Structures are given as structure tokens and as C-alpha cells.
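Listed here are the chains, written in short residue letters.
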Amino acid sequence: IYLENVSLLINNLLAVIKMLYSELNIDTATGVYLESLCSLSGIYRKPATKSIAVLKLINNNDDPILLDSSKKLEFIDGNNISWFTKVQVGSQVTLIKNEPTEVIVECEKNGPIVAPSGWIDKLISNEYNITIEQENDAEIGSYEENDSHLRLRRNESMSTKGISVLETLAGALLNLSGIEDVKVYNNDSSSMITSADGTSINVHDIYVVLRKRQNVKIDGSLIGSIIYEKL
């Protein structure tokens, strides 16, 4: 029994050391250890996002309805999941009688909550008489980025191309929540070139193309400051 207990103790100690070394390797690290290693390269795990939809609201009341970042309307969809109006801080949306107004609503839950057109159709309030129309499908959210995808993004940024300034710029922009893809054109030729969208790019200029999530607003000054700092 004594030999068995000592052997088990030594085995557990060696297992802990083995696990410690595996968490120090970018190829085998997981969780917070992987996040720490990736952060050394300026790559961070993307947080979970919520599904977003656009509703057309018609105020049937005589008095206007004011919405801001603190005063929200709650709606429910066909699965009894709540959606709340989303108004930027410092902004205001006014619903005037009989005037259709588009508002953005955000799901209460993180992740890919599906809401096809017409799915969000009820208002959780007896205070207002509002007609609700959802003409388009909601833009589906996402879960928190998993370890394998985070590791892949880090490896791509550290590849042969990733050590360049422009690839580092693309990696920094991809870290922004709401940015799905980045394409950077670099005109290092001796004449003007044209991008796929028809934009003319002068010699020694770059052209940054971003694919953002619909209905997600990202401050232009934030994108501009990242481009300026990385260049």
C-alpha cells in the first residue's frame, strides 16, 4: 500500500508537470493559457455576439415614444425569446404616430439565435399600441471563439506573410468585434491599380476593405486609429 501511494504521488506530480508544459506550447495550450500566449502576438479571443434584427415600428398612440440607451422596448419571437431595442449611447429614436420607423433589436441571448422574417411579432408592454413588422431575417450571432479557431488565427498572423506590417494590420482589424473579414490592397507597383470593387489605388498607397456584420456600428475613428498606429 505504501509503495502504491508513493507511486501514485509521483505519477500525479509528473502529470501536473506534463500538463504545465503542454499549456506553454501554442499548439497544445487551451483556455486562458492559449489566450495568454496569443495575446503576446496581439491576437485576442473574439467574444460571443448576439443576433440582431431590424423591425419596422408604427406608433398608433397620439403621443410620440422616445427610445434611448436606457429606455428600451422588449419584444418576443415565436420561441418566446426576448429582443430589446438597441440605441447607441447619446442617441435617441422617436416613434411618431402613424410614421413607420426602423429600429434595431438585439437578442437577450448570446449565440446563433435564428429569427426569420416575421418571427419577432409581439411587444411585451400594455403601455403602447405599436404595429410590428419584421421584413428581413435577423443577422445571426455567434458563440465565443473556440480554441481551435483562435489558434488558427494566431498561426496565420505569425506565418511568413503575418510578420509584415499589412498582415499585422489585418490581424488587428479582425480583433474588432463585428469585423468578419479584412482585405488589404497594397500597390507596390509602378502604376495605378484597381481593386475588385473598382476603386483606383495610387502608387505606394494601400486600400483596406472590411466586411462587417450588418446593423453593427463600429466607430470610424477606432478603425482609423488602428490603421494609423499599425502603419
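Residues numbered from 1 in each chain as written. Predicted model: local features only at pLDDT ≥ 70, side-chain atom pairs only at ≥ 80, totals over all residues. Heavy atoms only, no water.

1. What to know about the overall build of the protein
Definition in use: Here a strand is any run of E in DSSP of at least two residues, a helix any run of H or I of at least four, and the numbering for each starts at the N terminus. Here the radius of gyration uses the C-alpha set of atoms, whereas the globule reference equals 2.2 Å times the residue count to the power 0.38. Throughout, exposure labels follow a simple rule: accessible area from a 1.4 Å probe, protein chains only, divided by the maximum for the residue type, with under 20% read as buried, over 50% as exposed, and the rest as partly exposed. Contacts are residue-level and defined by heavy atoms, with any inter-residue pair within 4.5 Å sufficient. All accessible-area figures derive from a Shrake-Rupley calculation using a 1.4 Å probe, and residue coverage is judged against the displayed protein chains alone. When charges are counted, neither His nor the chain ends are considered; positive counts come from Lys and Arg and negative counts from Asp and Glu. By convention, the point assigned to a charge is CZ for Arg, NZ for Lys, CD for Glu and CG for Asp.
Scanning the protein from terminus to terminus reveals 5 helices and 12 strands. For 231 residues, the compact-globule estimate of 2.2 N^0.38 gives 17 Å, and the protein exceeds it by more than 25% at 25 Å. Along the longest, intermediate and shortest principal axes, the C-alpha atoms of the protein span 80 × 70 × 30 Å. Looking at the 231 residues of the protein, the share that counts as buried comes to 32%. A fraction of 66% describes how many contacts in the protein between residues 6 or more apart in sequence connect residues 24 or more apart. Element-wise, carbon and sulfur atoms account for 53% of the exposed surface of the protein, whose accessible area totals about 14500 Å². The distance from the centre of the 21 positive side-chain charges to the centre of the 31 negative ones in the protein is 3 Å.

2. Side note on the side chain of Arg151
Applied cut-off: Salt bridge, as applied in this entry: a Lys or Arg side-chain nitrogen positioned within 4 Å of an Asp or Glu carboxyl oxygen. Whenever two N or O atoms come within 3.5 Å, that pair is a polar contact, provided that in protein one can donate a hydrogen and the other can accept it, and provided that, for residues adjacent in sequence, both atoms are side-chain atoms.
Residue position: Arg151 is located in helix H3 (residues 147-157). Of the side chains bearing the opposite charge, Asp27 lies closest to the buried Arg151, which forms no salt bridge; the N-O distance is 5.4 Å. Engagement of the side chain of Arg151 in a polar contact is seen with the backbone oxygen of Ala29, the distance being 2.4 Å. Setting aside chain neighbours within four positions, we find Arg151 in contact with Ile26, Asp27, Thr28, Ala29 and Leu34.

3. Brief notes about the sheet that holds strand S7 (residues 120-123)
What counts here: In this analysis, strands are considered paired if DSSP registers two or more bridges between them. Axis lines are fitted through C-alpha atoms, for helices just across the contact stretch, and the angle between N-to-C directions can take any value from 0 to 180 degrees.
As summarised here, the arrangement of the 6 strands in space is S7-S3-S4-S6-S1-S8, forming an open sheet in which the pairing is antiparallel. Each of the sheet's edge strands pairs with one partner strand only, and the pair in question is S7 and strand S8 (130-133). Pairwise comparison of adjacent strand axes, ignoring direction, gives a mean angle of 40° for this sheet. As defined by bridge partners, strand S3 (residues 74-77) adjoins strand S4 (residues 82-85) across 3 bridges and the pair is classed as antiparallel. Bridge pairing links Phe75 to Trp83 in S4.

4. A look at the packing of helix H4 (residues 165-174) against helix H5 (residues 220-230)
Applicable threshold: To sort the angles, those under 35 degrees are grouped as roughly parallel, those over 145 as roughly antiparallel, those from 65 to 115 as roughly perpendicular, and the leftovers as oblique. Note on convention: the crossing is left-handed when the near helix lies turned anticlockwise from the far helix by less than a right angle, right-handed when the turn is clockwise. Ten residue types, Ala, Val, Leu, Ile, Met, Phe, Trp, Tyr, Cys and Pro, are classed as nonpolar, four, Asp, Glu, Lys and Arg, as charged, and the remainder, Gly among them, as polar.
As a packed pair, H4 and H5 sit with axes 9 Å apart at the nearest point and diverge in direction by 155°. In terms of orientation, H4 lies roughly antiparallel with respect to H5. Crossing hand, H4 versus H5: right-handed. Residue-level inspection shows Val165, Thr168, Leu169, Ala172 and Leu173 of H4 in contact with H5, the latter providing Ile223, Ile226, Ile227 and Lys230. Considered class by class, the residues forming the contact of H4 with H5 number 7 nonpolar, 1 polar and 1 charged.

5. Here's the deal with the environment of Thr199
Considering the arrangement of structural elements, one finds Thr199 in the loop between strand S10 (193-194) and strand S11 (200-201). Exposure remark for Thr199: the relative accessible area of 26% places this residue in the partly exposed category. Considered as a pair, Thr199 and Glu108 are 91 residues apart in the sequence and their alpha carbons are 39 Å apart. When neighbours within four sequence positions are excluded, Thr199 is seen to be in contact with Ile193, Thr194 and Tyr207. A polar atom in the side chain of Thr199 sits 3.1 Å from the side chain of Tyr207.

6. Some points on the side chain of Ser195
Mapped onto the elements of the fold, Ser195 is located in the loop between S10 and S11. A polar contact is formed between the side chain of Ser195 and the side chain of Asp197, at a distance of 2.3 Å. Once you skip the residues sitting within four places of it in the chain, Ser195 turns out to touch Tyr185, Ile201 and Tyr207.

7. Some remarks on a nonpolar patch on the surface
Spelled out, the test is: Residues enter patches when their relative accessible area tops 30% and they take part in no salt bridge; the joining distance is 9 Å for like charges and 5 Å for the nonpolar side chains Val, Leu, Ile, Met, Phe, Trp and Tyr.
A cluster of nonpolar side chains, contributed by Tyr2, Leu3, Val6, Ile10, Leu14, Ile17, Leu20, Tyr21 and Leu24, occupies part of the molecular surface with about 1000 Å² of accessible area. Position of Leu20 among the secondary structure elements: in helix H1 (residues 2-23). Judged by its relative accessible area of 48%, Leu20 is partly exposed.

8. Focus: the pattern of salt bridges
Enumeration over the complete set of coordinates arrives at 8 salt bridges. In this structure, Glu35 engages Arg45 in a salt bridge whose closest nitrogen and oxygen atoms are separated by 2.5 Å. Residue Glu35 is found in helix H2 (residues 31-39), and its partner Arg45 is found in the loop between H2 and strand S1 (50-59); the two are separated by 10 residues along the sequence. Given a relative accessible area of 29%, Glu35 falls into the partly exposed group. Arg45 gets classed as buried once you look at its relative accessible area, which sits at 15%. A salt bridge links Glu145 to Arg153, with the shortest nitrogen-to-oxygen separation between them at 2.8 Å. The exposure classification of Glu145 matches that of Arg153, with both residues buried.

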